[in-house]
Amino acid sequence: MEKDARPSWDNPTQFVLACVSYAVGLGNVWRFPYLCQMHGGGGFMIPYLLMLALEGIPLFYMELAIGQRMRLGSIGAWNAISPYLGGVGIASVVTSLYLCLYYNVINAWSFWYLFQSFQSVLPWSECPINNNLTGFVEECEIATPTQYFFYRETLDISSSIDENGGVHMGQALCLLLSWMIVYLFIVKGVKSTGKVVYFTATFPYIVLFIYLIRGVTLHGALNGVKYMFTPKLEQLANPQTWINAATQIFFSLGLGFGSLIAFASYNHHNNNFEHQAIMVSLINSGTSIFASIVTFSIYGFKATLNYENCLEKVRVLLLNILEMAEDSITQDNLDYWMSELNRTQPEQYAGLSPKLDSCNLESELDTAVEGTGLAFIVYSEAIKNMPAAQLWSVLYFIMLLLLGMGSMLGNVTAIITPLRDFKVLARNFSNGTLNGLVCLLCLLLGLGFTTRSGNYWFTMFNEYGATFSLLFIVLVEVITVGYIYGLKRFEKDVEDMLGRRPNWYWKIMLAGVSPILLISLFVFYIINYIQGGTPTYQAWNKDLGKSVVMEYPWYGQAFIALLLVSSVSCVPLNALYAFCMKKQKIIQSQECTISAISGV
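Within every chain, residues take consecutive numbers counted from 1 along the sequence as written. Per-residue local features of the predicted model are confined to residues with pLDDT of at least 70, and side-chain atom pairs are confined, for both listing and counting, to 80 or more; whole-chain, interface and lining totals are unaffected and use all residues. Only heavy atoms go into the side-chain values, all of them from the structure, while hydrogens and water stay out.

As for the overall build of the chain
To keep things clear, this is the line we draw: Numbering goes from the N terminus for both helices and strands, where a helix is a DSSP run of H or I of at least four residues and a strand is a run of E of at least two. For this measure, only C-alpha atoms enter the radius of gyration; the expected value for a globule follows 2.2 Å times N^0.38, where N is the number of residues. Each residue's exposure class comes from its accessible area (1.4 Å probe, protein chains only) as a fraction of the maximum for that residue type: buried when under 20%, exposed when over 50%, partly exposed otherwise. Contact criterion: two residues are considered in contact whenever any of their non-hydrogen atoms come within 4.5 Å of each other. Methods summary: accessible areas were calculated by the Shrake-Rupley approach with a probe of 1.4 Å, and residue burial reflects only the protein chains presented.
Secondary structure summary: the chain contains 28 helices and 2 strands in total. Rg of the C-alpha trace for the chain: 27 Å, near the compact-globule value of 25 Å for 600 residues, within the 12% margin. With the principal axes as the frame, the chain shows a C-alpha extent of 120 × 55 × 45 Å. Burial status across the chain gives 55% buried among its 600 residues. Look at the contacts in the chain between residues 6 or more apart in sequence, and 81% of them connect residues 24 or more apart. When the accessible area of the chain is evaluated, it comes to approximately 25600 Å², of which 63% is carbon and sulfur surface.

Quick look at the state of the cysteines
Here is the rule we go by: The rule for a disulfide is simple: a pair of cysteine sulfur atoms within 2.5 Å.
Evaluation of the coordinates by the stated rule reveals 1 disulfide. The partner cysteine of C127 in its disulfide is C140, sulfur to sulfur 2.0 Å. What sets the handedness of the C127 and C140 disulfide is the S-S torsion sign, and at about -85 degrees it is left-handed. Residue C127 is found in the loop between helix 6 (86-116) and helix 7 (138-142), and its partner C140 is found in helix 7; the two are separated by 13 residues along the sequence. You can call C140 buried: its relative accessible area is 1%. Left unpaired, C439 is separated from the closest cysteine sulfur, that of C442, by 6.7 Å. On the accessibility criterion, C439 (4% relative accessible area) is buried. Here C570 is not disulfide-linked; the sulfur of C100 is the nearest cysteine sulfur, at 16 Å.

With respect to helix 26 (residues 504-531)
Threshold: Expected span, for any helix, means 1.5 Å times one less than how many residues it has. We define the bend at each residue as the angle formed by axes fitted to the 7 residues ending at it and the 7 residues starting at it. In the analysis that follows, any N or O atom pair within 3.5 Å is treated as a polar contact, provided that within protein one partner can donate a hydrogen and the other can accept it, and provided that, for residues neighboring in sequence, both atoms belong to side chains.
Spanning 28 residues, helix 26 covers 39 Å between terminal C-alpha atoms, matching the ideal 40 Å at 1.5 Å per step. The principal kink in helix 26, of about 45 degrees, is found at L510. Inspection of helix 26 places Y505, W506, M509, L510, S514, P515, L517, L518, L521, F522 and Y525 among the buried residues, and these make up the whole buried set. Looking at where helix 26 begins, the residue whose side-chain oxygen comes 3.0 Å from the main-chain nitrogen of Y505 is N503.

Let's talk about the confidence of the model for the chain
We apply this condition: Each residue carries a pLDDT score, the predictor's own confidence in it, on a scale running from 0 to 100.
Predicted confidence across the chain gives a mean pLDDT of 86, with 94% of residues reaching 70 or more. Between the elements of the chain, mean pLDDT differs from a low of 64, seen in helix 17 (residues 346-357), to a high of 94, seen in helix 9 (residues 169-186).

A look at the pairing of strand 1 (residues 536-541)
Heads up, the condition is: A strand pair is defined by DSSP finding two or more bridges across the two strands.
Across 6 bridges, the pairing between strand 1 and strand 2 (residues 546-551) is antiparallel. Within the sheet, the bridge partner assigned to Q538 lies in strand 2 and is V549. Hairpin connection between strand 1 and strand 2: a loop of 4 residues separates the two successive antiparallel strands, and G545 in this loop has a positive phi of roughly 70 degrees.

Brief notes about the pattern of salt bridges
The line we're drawing: Should a side-chain nitrogen of Lys or Arg be within 4 Å of a carboxyl oxygen of Asp or Glu, the pair is scored as a salt bridge.
A full pass over the atoms with the stated rule returns 12 salt bridges. Notably, a salt bridge pairs E139 with R152, separated by 3.1 Å at the nearest N-O pair. Of the two residues, E139 sits in helix 7 while R152 sits in helix 8 (residues 145-154), which places them 13 residues apart along the sequence.

A short note on the side chain of S265
On the secondary structure map, S265 appears in the loop between helix 14 (259-264) and helix 15 (273-322). Taking relative accessible area as the criterion, S265 reaches 0% and is therefore assigned buried. In terms of polar contacts, S265 uses its side chain to reach the backbone carbonyl oxygen of A262, at 2.6 Å. Among all residues touching S265, those that are not within four sequence positions of it are R6, G67, Q68, R71, L72 and T417.

Some thoughts on a nonpolar patch on the surface
The cut-off we apply is this: Here the term patch refers to residues with relative accessible area over 30% and no salt bridge, with like charges joined within 9 Å and nonpolar side chains (Val, Leu, Ile, Met, Phe, Trp, Tyr) within 5 Å.
There is a patch of nonpolar side chains on the surface, built from M169, L173, L176 and M180 and spanning about 400 Å² of accessible area. Structurally, L176 can be placed in helix 9. Classification of L176 as partly exposed rests on a relative accessible area of 34%.

Let's talk about the packing of helix 9 against helix 20 (residues 389-420)
Formally: Under this scheme, a helix contributes an axis fitted over its contacting stretch, all axes are lines through C-alpha atoms, and angles between N-to-C directions fall in the 0 to 180 degree range. Oblique is the label for every angle not falling under 35 degrees (roughly parallel), over 145 degrees (roughly antiparallel), or within 65 to 115 degrees (roughly perpendicular). Crossing handedness is defined as follows: a turn of the near helix away from the far one that is anticlockwise and smaller than a right angle gives a left-handed crossing, while the clockwise case is right-handed. Residues are grouped as follows: Ala, Val, Leu, Ile, Met, Phe, Trp, Tyr, Cys and Pro are nonpolar; Asp, Glu, Lys and Arg are charged; all remaining types, including Gly, are polar.
Direction vectors running N to C along helix 9 and helix 20 enclose 65 degrees, while the axes themselves pass 10 Å from each other. As far as their axial angle goes, helix 20 and helix 9 are roughly perpendicular. Handedness of the crossing formed by helix 9 with helix 20: right-handed. Taking contact as the criterion, the partners of S178, W179, I181, V182, F185 and I186 in helix 9 are, on helix 20, M405, M408, L409, V412 and I416. In terms of residue class, the contact of helix 9 with helix 20 is made up of 10 nonpolar, 1 polar and no charged.

Notes on helix 10 (residues 190-200)
An α-helical segment advances 3.6 residues per turn. Residues three or four places apart therefore align on the same side. Among all positions in helix 10, only V190, S192, T193, G194, V196, V197 and T200 are buried. Tucked into the core, helix 10 has its buried residues touching helix 1 (12-23), helix 9, helix 11 (203-216) and helix 20.

So, the environment of T287
Positionally, T287 belongs in helix 15. Its relative accessible area of 5% is what places T287 among the buried residues. Between the alpha carbons of T287 and L208 there is a distance of 9.4 Å; along the sequence they are 79 residues apart. When residues no more than four places from it in sequence are discounted, the contact partners of T287 are V24, N28, Y205 and L208.

A closer look at the packing of aromatic side chains
We describe a pair of aromatic rings using the distance from one ring centre to the other and the angle between the two ring planes. For the record, the criterion: Any pair of Phe, Tyr and Trp rings, taking the six-membered ring for Trp, is counted once the centres come within 6.5 Å. Such a pair is stacked with planes under 30 degrees apart, edge-to-face with planes over 60 apart, and tilted for the rest.
Within this structure, the stated rule accounts for 49 aromatic pairs. Judged by centre distance (6.4 Å) and plane angle (75 degrees), the rings of Y61 and F490 are edge-to-face. Here Y61, found in helix 4 (residues 45-70), pairs with F490, found in helix 25 (residues 487-498); they are 429 residues apart in sequence, far enough to count as distant. Taken together, a centroid distance of 5.4 Å and an interplanar angle of 85 degrees make the contact between Y102 and F458 edge-to-face. One end of the pair, Y102, is in helix 6; the other, F458, is in helix 23 (residues 454-464), with 356 residues separating them in the sequence. Judged by relative accessible area, Y102 falls into the buried class, the value being 5%.

Written as structure tokens, this is what we have:
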């Protein structure tokens, strides 16, 4: 390994912004609000903030300390701690590679939506005309215009993973553009990345603030914000609430990928990473809460709109039944006229009453959506109903792009930094060449996600490519620091860098609380996976206009097993390799000694 003349950040601010840009990503916008909605609104903050203190901040601190002390990427850092642990770094690189393959596809979708936003009428605001020019496309009428645009125009999705098709040229070009921009951001390594993060880490906050102002002024927005901050404390008795809070903290901070170790390896030796770890962790969690307020204001607007549209349909039906003037029945006096209908025409009332009962604002707000469904369907649905919809659409998808690109900087750095630490690669490839080769490889492999069945493979990578391996990687990391490398040695390293030893909080968390939490999460994941039966996925059914649950075919299940095992197996295989090499050296040394004695 070579770490001499290692480049470094121009100042500590660049490092903090790089960590913020990496940690604050799409999950803050589409995963955290979903979990709040699922687990009792404001009540979810209690386990979330508790897990931040018990798990998130200590593990973030640990990875920054390792990177800054070793001044190497993940492979070199763990290999320096012990040759048997080099596989931990390799596992991190493999996991980061899987993430890079599919994560930039989301940026390609954002580019697609951004380009489509520069039209006089947003293409997802209404259904297109069919080929016969006799009406709207049937699939769009059955579903909604926003669903049709995402599944048919954007993905051109097949009906199952078994049905393949060609590459979607528009998506392929957007993916190419995404990787070209990533390459330009990292072409000169930390020097170019350090300049880019000033923009990628700050501009999304400007857009979020603008959206906050716009969001809370929307009709019905306060219904959503009130829903968010109204705690349902009974959810605290649900173990799943605590598990989801722990996993959200874990993945939101980007632990285990090797990105934090790589970023910290470019710090100066005496950089105060302790304060930075606390600062970035709090900024990340604060952003999640801030983004949730924006999201729930949008939720409130959309839910109120749907609720009032439902009431309007009932009002029109009631007008027709009672044969009354248009303005005689309003949404405000609807209950009174329904009771009159019940008194005068009970049979008609019996048919209309269920339709009124289905108009429920609370149930609209309870409908939880996460991931791409929230980012590209629910938000698009809300945006199309706003005045100056094109402006809000452009701002929103620029924000998504910057969040995605900021995270991609960390993901790619987690791959490139360990590779640069190998002398053979550093001697034969310049920064630009090696970075370009990594981006080109990811682009070529990622083209598979732009085919008609590509979204199903995307889902597979998203659900199985990182979760299990990251839990395992960080569990090995914290056990290594606490019990193999030793907490005493770790304390001396921290003292050498900061001039003081870690206080009781860091030691208790790293030696006891965090490992126990990680072991619990790891065991829960395995049990949940086994009890889940055959893995399933959501397939788009164009005849029904909605997604239906289907089981993965045998090759899909085999690929899931490969994803789960491939990165994790790097740890024992590398340890076995290191053991064999050490044993071989001992044998060779003994043979040399015997030969020397025989010669004498």
